[in-house]
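This is what each chain is made of:
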Amino acid sequence: MFKKKTAEDIIVDLVVYISLIFVGIVTLYPFLNVLAISFNDALDTVRGGIYIWPRKWTLKNYEIIVSNPQIYNAALVSVARTVLGTVLGIICTMFVAYPLSRKDFVLRRPFSAIMVLTMYFGAGLIPTYLLYRSLGLLNTFWVYIVPALLGMFNVVVVRSYIESLPSSLIESAKIDGASEFRILWQIIFPLTLPAVATIALFIGVGHWNSWFDVYIFNSQRPDLSTLQYELQKILASVSMQVGRNPDYQMGAMAETQQVTPNSVRASMTIVATAPIIMVYPFLQRYFVKGLTLGSVKGE
Amino acid sequence: MDAVYYTESKKTFWQKVKEQKELVLMIFPFVLYVILFHYVPLWWWVIAFKEYRPFQGVWGSEWVGLQQFKDLFSDSGFWLAMRNTIVISFLKLVTSFAAAILLALMLNEVKNMLFKRTIQTISYLPHFVSWVVAASIVISVLSPESGILNQILMSLKIIKQPIVWMGEGHYFWWILALSNVWKETGWNAIVYLAAMTSIDPELYDAASVDGCGRLQKIRYVTLPGIAPTISMLLILNVGWLLNAGFEQVLLLRNPLVQDYSQILDTYVLDYGITMYRYSYATAAGMFKSVVSILLVLFANKVAAKLNASTVV
C-alpha cells in the first residue's frame, strides 16, 4: 500500500520527532553537564556557564577522590558487594524459581503464597532494624548481602521464563536419570540466560546503587562505607547549605584547596555512575525481552 | 501420559513430597529464609504497645496499651507527614502516568527504528542510576548560581533574580514529582510499548479504511488497546499510596522545606533511629503498613471486579 503523506501526518511526525529529541536532550544533558563540571577547574566552575564541555580542563577533582583512602576503600566495598551479591543472588533466585515453576511440584501453592505475599507488606524500618540487630548483622559486611539474597520480583521474572520453556525438556532429562539439581544447572539455567541477564542487571544495579543500608546499619563502620554512601555524605553537606549561597561560601574554602564541594560532588557522581553506564549497553538488549516475556506470562 | 497421571494421583501427599525431595530440599532453606526476614519482623510490632527499652528487652519493657498510638494521632507533626505523603505520592502518580503514556504514544509513532532505539536507550538510563546520583544532578541543575535552569530563565528574561528552587516548600513538591518523571518515565513506558505491540495491526488498517487520520488512530485504536494496562497499573499503584519515595525525599530534603518534605517514612526514621523512640516509631510504621495492606486488598478487589488479573 502506497500512500501520500497528508498534512496531518507531517504535523504529527514533526511534533513527535521534536518532542522526542527534547526528551532525549533533557534526559541526557544533566549527565553531560556533571561530566563537564567534573573535568573543569573548580574555581572556574564557580563563575558559571559550564554546559557540556569543560572550559579549563583539569583532573584535580578526580585526584582528590583517588588520593582519599576512604573513597578508595569505599570503591572496593562497592565492587565486592556488587559481585558477591549478584552471584549469590542469581544462585538463590534459581533455587527458588525452578521448583516454583514446576506445575507438578506438590508444595508449589503454599510456598508460592508464602513468598509472593512478602511483595505486598513490610514490617517497617524499626522491626527490620531490631531483627538485624538480634541476628548480629549490624556493622558487618553481611548486612549488605544476606537480606538481599532473594528479590521476589526477580523470582517471578525467572519463574515465568522457565514456565515458557517446553516441559518435555525436564521430562526427558528425568527419564535419562538426571537429578533435579543437574536439570536446573545444566539444562534450565543455560536456557534461562536472557532472564538471568535481566535479573543480574537488576540485582547488580541494586547493590551498586544502594546507600540506605549503609546509612542505617553500618554508619559506624567507615571501613564498610560504599561509593554511593560517600556521595550521599557530600550531598548532605551541600543540601544543608541551600539558600545560604553555597557557591560563594565554597569559593572561600577553595582558595586553599583548589577544589570546591560542588566539583568534588560532580566527579564523585561520575565515579558512582560510570560502572553502570559501562555495563548497561551489554545487558540492555536482554532486559526488555526478558522482562516483557517474564511479566506477560506471569500475569 | 495418562497412565503416569493415574498412578501419581493415587499417591498420598507425603509420598509425593518424598518423591520430590530434591525440589523440596532446594527451596526449603529459602522458605525459612523468607519467614525469618519477612514474617518474623512482624513480631516486633508488639513493641508498639510497649515502652521498649533496649536494655530491658522486649519482654522486660512495660506494656502501655494504645498510648503510643494516642501520642501519634495527637501529634501535629504526624498529620503533617501524612498530608505530605499523600500530596507527594498523588502528584508523582499523576505526573508519572501521564508522562509514561505520552512517551509511549510518541515512540509508537516513530517508524525510524534507529531513532526510536536511541531515544529509548537514553530514556532508560536515569532509571539505572541511584537516587544519590539523581539527587546530585537535581541539586546541580537547580543551583541558584550555576544551575542551568536559572541560567536559561534569566537569559530568556523570565526572571531577574536566580530562584532558590530547593528553598521553597511548594516548589519542593514539584521538584520531587518532576525529578521522578525525569528518572522513571523511559522505564515506565516499556510496559505500554509492550502492550502496544500486541495490538492487532488489522485494527489500524481497518481504521485507515474508515478514514481515520493519525490522531484518530491513536484516539480510537492505540489508547483503547492499552487501556487495560493503564487501569491495571493504576489500581496496583493504589497500594503504594503511602510510599512517597523514601530515598528521594531523604536525599533532597533540607531544613528550609522541612514542613513540606516530612513524609511517613522519614518521620519513622527521625523518631526511631535518630531519637531512639523505637516504640513510637514502630507504631507509626505499623500504621503505615496496615493502611498499605488494606489499600492493596481494596485495589485487588476492584481489579477482580474489573476482571483484570488479580495480584494476591
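Here the residue numbering is sequential within each chain, running from 1 through the sequence in written order. For this description, chains carry letters from A and ligands carry numbers from 1, given in the order in which they are written. Since the coordinates come from a predicted model, pLDDT governs what is reported: local features require at least 70, and pairs of side-chain atoms require 80 or more to be given and counted, while whole-chain, interface and lining totals use all residues. Computation of side-chain values covers all heavy atoms of the structure but excludes hydrogens and water.

- An unreviewed UniProt entry lists chain B under the name Binding-protein-dependent transport systems inner membrane component, from Caldicellulosiruptor hydrothermalis.
- UniProt positions are given in the numbering used here, feature names are shortened, and annotations may be inferred rather than shown by experiment. You can read under Subcellular location (unreviewed entry) in the UniProt record for chain B the words "Cell membrane".
- Recorded under Sequence similarities (unreviewed entry), the UniProt text for chain B is reproduced unchanged: "Belongs to the binding-protein-dependent transport system permease family."

- Per an unreviewed UniProt entry, the recorded name for chain A is Binding-protein-dependent transport systems inner membrane component, and the organism is Caldicellulosiruptor hydrothermalis.
- The Subcellular location (unreviewed entry) field of the UniProt record for chain A holds the comment "Cell membrane".

1. Remarks on the overall build of chain A
Working step 1: Across its full length, chain A holds 15 helices and 0 strands.
Working step 2: Counting only residues that meet the buried cut, chain A has 53% of its 299 residues in that class.
Working step 3: We call two residues in contact when some of their heavy atoms are within 4.5 Å. Looking at chain A alone, contacts between residues at least 24 apart form 71% of all its contacts between residues at least 6 apart. What counts as a helix is a DSSP run of H or I of at least four residues, what counts as a strand is a run of E of at least two, and both are numbered from the N terminus. The buried label applies to any residue whose accessible area, calculated with a 1.4 Å probe on protein chains only, is under 20% of its type's maximum; exposed applies above 50%, and partly exposed to all values in between.

2. Quick notes on the environment of Arg109 of chain A
Working step 1: Looking at where Arg109 of chain A falls in the secondary structure, it is placed in helix H5 (residues 108-117).
Working step 2: Along the sequence, Arg109 of chain A and Leu235 of chain A sit 126 residues apart, while their C-alpha atoms lie 46 Å from each other.

3. Comments concerning unusual backbone geometry
Working step 1: A positive phi angle, near 60 degrees, is found at Asn139 of chain A, a position not held by glycine.
Working step 2: Tracing the backbone through its elements, the reader meets Asn139 of chain A in the loop between helix H6 (125-134) and helix H7 (142-145).
Working step 3: When its relative accessible area of 27% is taken as the criterion, Asn139 of chain A is described as partly exposed.
Working step 4: If you check the backbone angles, Lys157 of chain B has positive phi at about 65 degrees while not being a glycine.

4. Considering the interface of chain B and chain A
Working step 1: Across the contact, 92 residues belong to chain B and 101 residues belong to chain A.
Working step 2: Defined in terms of a 1.4 Å probe, buried area is the accessible area two parts forfeit on being brought together, summed over both. Roughly 8,600 Å² is buried in total at the junction of chain B and chain A, and carbon and sulfur atoms are behind 76% of that figure.
Working step 3: Broken down residue by residue, the surface that chain B buries against chain A is led by Met26, Phe128 and Arg214 of chain B, which jointly contribute 8%.
Working step 4: We define a salt bridge as a side-chain nitrogen of Lys or Arg found within 4 Å of a carboxyl oxygen belonging to Asp or Glu. Across the contact surface, chain B and chain A share 2 salt bridges.
Working step 5: Across the pair Arg214 of chain B and Asp13 of chain A runs a salt bridge, and its minimum N-O distance is 2.7 Å.

5. Concerning the domain arrangement of chain A
Many structure descriptions define interface size as the accessible area lost when the parts assemble.
Residue and element names in this part refer to chain A.
Working step 1: Under the domain assignment, chain A is made up of domain 1 (5-45) and domain 2 (57-292).
Working step 2: Note that domain bounds follow an automatic or database assignment of domains. Of note, the centres of domain 1 and domain 2, computed from C-alpha atoms alone, are 30 Å apart.
Working step 3: In this complex, domain 1 contributes 11 residues to the contact, which on the side of domain 2 involves 15 residues.
Working step 4: A combined buried area of about 1,100 Å² lies between domain 1 and domain 2, and 69% of that area is made up of carbon and sulfur atoms.

6. Details of the UniProt feature "domain: ABC transmembrane type-1" (unreviewed entry) in chain B
Working step 1: Under the UniProt annotation, the feature "domain: ABC transmembrane type-1" (unreviewed entry) is placed at residues 82-299 of chain B.
Working step 2: Taken as a whole, residues 82-299 of chain B contains 77% helix and 0% strand, while its terminal C-alpha atoms sit 20 Å from one another.

7. Observations regarding the UniProt feature "transmembrane region" (unreviewed entry) in chain B
Residues and elements named next belong to chain B.
Working step 1: Sites flagged by UniProt as "transmembrane region" (unreviewed entry) map to residues 23-46, 86-110, 122-143, 163-182, 220-242 and 278-299.
Working step 2: Secondary structure content for residues 122-143 is 68% helix and 0% strand, while the C-alpha to C-alpha distance between its ends is 24 Å.
Working step 3: From the first C-alpha to the last, residues 278-299 spans 31 Å; its make-up is 100% helix and 0% strand.

8. Description of the UniProt feature "transmembrane region" (unreviewed entry) in chain A
Residue and element names in this part refer to chain A.
Working step 1: In the numbering used here, UniProt assigns the feature "transmembrane region" (unreviewed entry) to residues 12-32, 71-98, 110-129, 141-162, 183-205 and 263-283.
Working step 2: Segment residues 110-129 splits into 65% helix and 0% strand. End C-alpha atoms: 28 Å apart.
Working step 3: With 100% helix and 0% strand, residues 263-283 has end C-alpha atoms that lie 31 Å from one another.

9. Quick word on the confidence of the model for chain A
Residue and element names in this part refer to chain A.
Working step 1: pLDDT gives the predictor's per-residue confidence on a scale running from 0 to 100. Here chain A averages 87 in pLDDT, while 88% of its residues score no lower than 70.
Working step 2: Every residue in residues 243-255 scores below 50 in pLDDT, and together they form 21 contacts with partners more than four places removed in sequence or on other chains.
Working step 3: Contacts for the low-pLDDT stretch residues 294-299, under 50 throughout, to residues beyond four places or in other chains number 7 contacts.

10. With respect to the pattern of salt bridges
Working step 1: The full count for this structure, using the stated rule, is 17 salt bridges over all chains.
Working step 2: Residue Arg81 of chain A is joined to Asp213 of chain A by a salt bridge in which the shortest nitrogen-to-oxygen separation is 2.8 Å. Of this pair, Arg81 of chain A sits in helix H4 (residues 69-101) while Asp213 of chain A sits in helix H12 (residues 212-217), and the two are 132 residues apart along the sequence. The same class applies to Arg81 of chain A as to Asp213 of chain A, namely buried.
Working step 3: Between Lys174 of chain A and Asp104 of chain A there is a salt bridge; the shortest N-O distance is 3.9 Å. Taken together, the residues Lys174 of chain A in helix H9 (residues 168-175) and Asp104 of chain A in the loop between H4 and H5 connect sequence positions 70 residues apart.
Working step 4: Its relative accessible area of 36% is what places Lys174 of chain A among the partly exposed residues.
Working step 5: Salt bridges linked by common partners bring Asp9 and Asp13 of chain A together with Glu109 and Arg214 of chain B together as one network.

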